[in-house]
Number of protein chains: 2
Amino acid sequence: MKDKVKILLTNDDGYQAPGLEALFNALSTVADVTVVAPDRERSAISLAITLADIIRVSPIENGSLKGFHTTGTPADCVKIGCSELMDSRPDYIFSGINSGSNVGLNANYSGTVAGAVEGAMLGIPSVAVSLTSYDFHDYRGACQASLKILDMIKENPLNQFELLNINVPSLPLDEIKGMRISRVSLSSFREKFDRRTDARDREYFWMGGIWNERGADLDGDRFFSDEGYVAVTPLKVDWTAEGTLQRLREKGWDQDWNGEIDE
Amino acid sequence: MKDKVKILLTNDDGYQAPGLEALFNALSTVADVTVVAPDRERSAISLAITLADIIRVSPIENGSLKGFHTTGTPADCVKIGCSELMDSRPDYIFSGINSGSNVGLNANYSGTVAGAVEGAMLGIPSVAVSLTSYDFHDYRGACQASLKILDMIKENPLNQFELLNINVPSLPLDEIKGMRISRVSLSSFREKFDRRTDARDREYFWMGGIWNERGADLDGDRFFSDEGYVAVTPLKVDWTAEGTLQRLREKGWDQDWNGEIDE
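These notes cover the structure that comes with them.

Cut-offs used in this document
Residues numbered from 1 in each chain as written. Chains lettered and ligands numbered in written order. Predicted model: local features only at pLDDT ≥ 70, side-chain atom pairs only at ≥ 80, totals over all residues. Heavy atoms only, no water. Salt bridge = Lys/Arg side-chain N within 4 Å of Asp/Glu carboxyl O. Buried < 20%, exposed > 50% of the residue type's maximum accessible area, 1.4 Å probe, protein only. Least-squares fit on C-alpha atoms with pLDDT ≥ 70 in both. Contact = heavy atoms within 4.5 Å. Axes fitted to C-alpha atoms, helices over the stretch in contact; angles between N-to-C directions. Helix = DSSP H or I, 4+ residues; strand = E, 2+ residues; numbered from the N terminus. Parallel < 35°, antiparallel > 145°, perpendicular 65-115°, else oblique. Left-handed = near helix turned anticlockwise from the far one by under 90°. Nonpolar A, V, L, I, M, F, W, Y, C, P; charged D, E, K, R; others polar. Pairing = 2+ DSSP bridges. Buried area = accessible area lost by both parts, 1.4 Å probe. Polar contact = N/O pair within 3.5 Å; in protein donor to acceptor, adjacent residues only side chain to side chain. Right-handed = clockwise from strand over helix to strand, strands pointing away.

**So, the pattern of salt bridges**
Inference 1: Taken as a whole and judged by the stated rule, the model has 30 salt bridges over all chains.
Inference 2: Salt-bridge contacts for aspartate 39 of chain A lead to arginine 40 of chain A; the nearest nitrogen and oxygen are separated by 2.7 Å.
Inference 3: Across the pair arginine 196 of chain B and aspartate 194 of chain B runs a salt bridge, and its minimum N-O distance is 2.9 Å.
Inference 4: Among the residues examined, aspartate 194 of chain B registers a relative accessible area of 30% and is labelled partly exposed.

**A few points about unusual backbone geometry**
Note: most peptide bonds trans; most residues except glycine with negative phi.
Residues and elements named next belong to chain A.
Inference 1: In this chain, glycine 96 is followed by isoleucine 97 through a cis amide linkage whose omega measures -5°.
Inference 2: One non-glycine residue, serine 46, lies in the positive phi region at around 55°.
Inference 3: Accessibility expressed as a relative area gives 2% for serine 46, which makes it buried.

**So, the relation of the copies chain B and chain A**
Inference 1: Mapping chain B onto chain A calls for a screw motion: a turn of 180° about the axis and a shift of 0.0 Å along it, with 0.0 Å RMSD after fitting. Within this description, the copies of the chain are treated as partners about a two-fold rotation axis.
Inference 2: By residue overlap, the copies meet face to face through one surface: 100% of the interface positions of chain B are interface positions in chain A.

**Examining the packing of helix α1 (residues 18-28) of chain B against helix α4 (residues 140-155) of chain B**
Residue and element names in this part refer to chain B.
Inference 1: The geometry of α1 relative to α4 is characterised by a closest axis approach of 9 Å and an angle of 45° between their N-to-C directions. Regarding the angle of α1 to α4, the classification is oblique. Note that α1 runs across α4; the crossing there is right-handed. In contact with Ala22, Leu23, Ala26 and Leu27 of α1, α4 contributes Cys143, Ser146, Leu147 and Leu150.
Inference 2: Across the contact of α1 with α4, the residue classes break down as seven nonpolar, one polar and no charged.

**Examining the sheet that holds strand β3 (residues 57-59) of chain B**
Two pairing modes exist for strands in a sheet, parallel and antiparallel, and in both the strands are linked by backbone hydrogen bonds.
Inference 1: Pairing within the open sheet is mixed, and its ten strands lie in the order β12(A)-β8(B)-β11(B)-β7(B)-β6(B)-β5(B)-β1(B)-β2(B)-β4(B)-β3(B). Each edge of the open sheet is held by one strand with a lone partner, namely β12 (255-256) of chain A together with β3 of chain B.
Inference 2: As paired strands, strand β1 (residues 5-10) of chain B and strand β5 (residues 92-99) of chain B are joined by four bridges and run parallel to one another. Opposite isoleucine 7 of chain B, over in β5 of chain B, you have tyrosine 92 of chain B as the bridge partner.
Inference 3: Helix-sheet contacts for helix α3 (residues 111-121) of chain B involve β1, β5, β6 (126-131), β7 (162-168) and β11 (229-236) of chain B, and the interaxial angle to β6 of chain B is about 170°.

**Remarks on the interface of chain B and chain A**
Inference 1: If you look at the interface, chain B gives 93 residues, while chain A gives 93 residues.
Inference 2: Of the roughly 9100 Å² buried where chain B meets chain A, counting both sides, 60% is carbon and sulfur surface.
Inference 3: Among the residues chain B hides against chain A, the three largest losses belong to Trp239, Trp253 and Trp257 of chain B. Together they make up 10% of the total.
Inference 4: At the boundary of chain B with chain A, the tally comes to twelve salt bridges.
Inference 5: Among the salt bridges present, the one from aspartate 219 of chain A reaches arginine 249 of chain B, with a minimum N-O distance of 3.2 Å.
Inference 6: Counting across the interface, chain B meets chain A through 49 residue pairs in polar contact (both at pLDDT 80 or more).
Inference 7: Judged from the two bridges that link them, strand β8 (residues 178-181) of chain A and strand β12 (residues 255-256) of chain B form a sheet pairing that is antiparallel. Bridge assignment links glycine 178 of chain A to a residue of β12 of chain B, and that residue is aspartate 256 of chain B.

**Regarding the pairing of β7 of chain B**
All names here are of chain B.
Inference 1: With seven of seven residues buried, β7 lies mostly within the body of the structure.
Inference 2: Both faces of β7 are covered, namely the face carrying Glu162, Leu164, Ile166 and Val168 and the face carrying Leu163, Asn165 and Asn167.
Inference 3: At this point the chain moves from β6, through α4, to the parallel β7, and the crossover so formed is left-handed.
Inference 4: Examined bridge by bridge, β7 and β11 share six bridges and lie antiparallel to one another. Note that in β11 the partner of asparagine 165 across the bridge is threonine 233.

**What to know about helix α1 (residues 18-28) of chain A**
Inference 1: What α1 of chain A keeps buried is the set Gly19, Leu20, Ala22, Leu23, Phe24, Ala26 and Leu27 of chain A.
Inference 2: The elements touched by buried residues of α1 of chain A are β1 (5-10), β2 (31-38), β5 (92-99), β6 (126-131) and α4 (140-155) of chain A.

Listed below in structure tokens is the structure:
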């Protein structure tokens, strides 16, 4: 038992989500898994953290799960799990299985992806797992892909400050075509606001219809997951635009003012 | 007047923050500026968006500001401002002036930076501006730097899906040494949780002490802003880890399963 790797498992759908339970059960066959997950749905919370309020932590007492739920965000859960709740730092962070895809630039909003981003920021190898459809509840493909990825990153460790974002097509396990290393799909990205009027005749808005259209990104995560492959996208948490950094230096943007800036 | 560029201005400290008003006044000397900012402080909200609740919008009626406050996050403000509130798409997004630095990986949590990230995701050239100290209220340096950057990106347009994250040292204008193109400082990153007990003897946590230690990142944003320079960090919203993407493909991670995945 002492040789088992230690995994912190989080998500953004909340600790009662069936996708989390499925991934807990799958990872528990090979690892010592501790759930530290939000006490309620925190979709689209991105990498928000809780600084202006307290965080409560409670042990999970239902079903087969072992771990804690917290009043915090996925990033809070990873932080507090690693530093306060687990008896030692986990070897890996997994986040998911999310209900609904996290492909393209939309993944930047995801609390599920953020759980893995936070892990990578702490220097822990981290993986986010999403299933492309909200209505599909066969988690075998996503679980098998997660176990396979765990084996692969044991053998080929991820770079520091990097993570994997995995999108699994909503297909029975034997219909998934395979796995493809992919990039973030940059296809056009849309949303629509719905203007409504409340019972006191005051206007309000609902944000809706946020999606990435399928474009010409033929090695993008949207494309591969649509085509029946598990899309595995390596992400980095250092967002420096390296090419632009060099270009701006060459253009002379480094300036000495010496108090001579015009006001 | 028709030639003035149109700017959407947001922040995460809320529309009543003095840093926002200072930047509004400075940018208004050269641009047609519309504020679309949160109705309250939303620090550390990152790129969260509001999908599970309504968003209210109200015109700002105090002082010299022109625009709207909303119940949403900075990213919500940018989205709703661009698509519903301004009569045409803005030419630029500015976010700030934030009270407190947004350097290193900590910037990933910032709502101020996220306002500019959202702008870049929508394809609009975007700039986040922060002042390194919470206690410093002389905005002249940050305003002059913002006007200078606006001129510079008019002349050298930013790439699509990229933004600038600017950290201005808390110094009088004539003591700022100049401007340096910088990268995200990856120096070690810490936080500490404080365990406390409430009046009913139940435990709770406060997250505190999140900071980037100053390390050996000699061209990092933390280093330059500490040294008295305006640190200008180009960021990208496509987080694909390009090097790893190539490496994993070469390692044979692209796999065809053909229904033969072991269960």
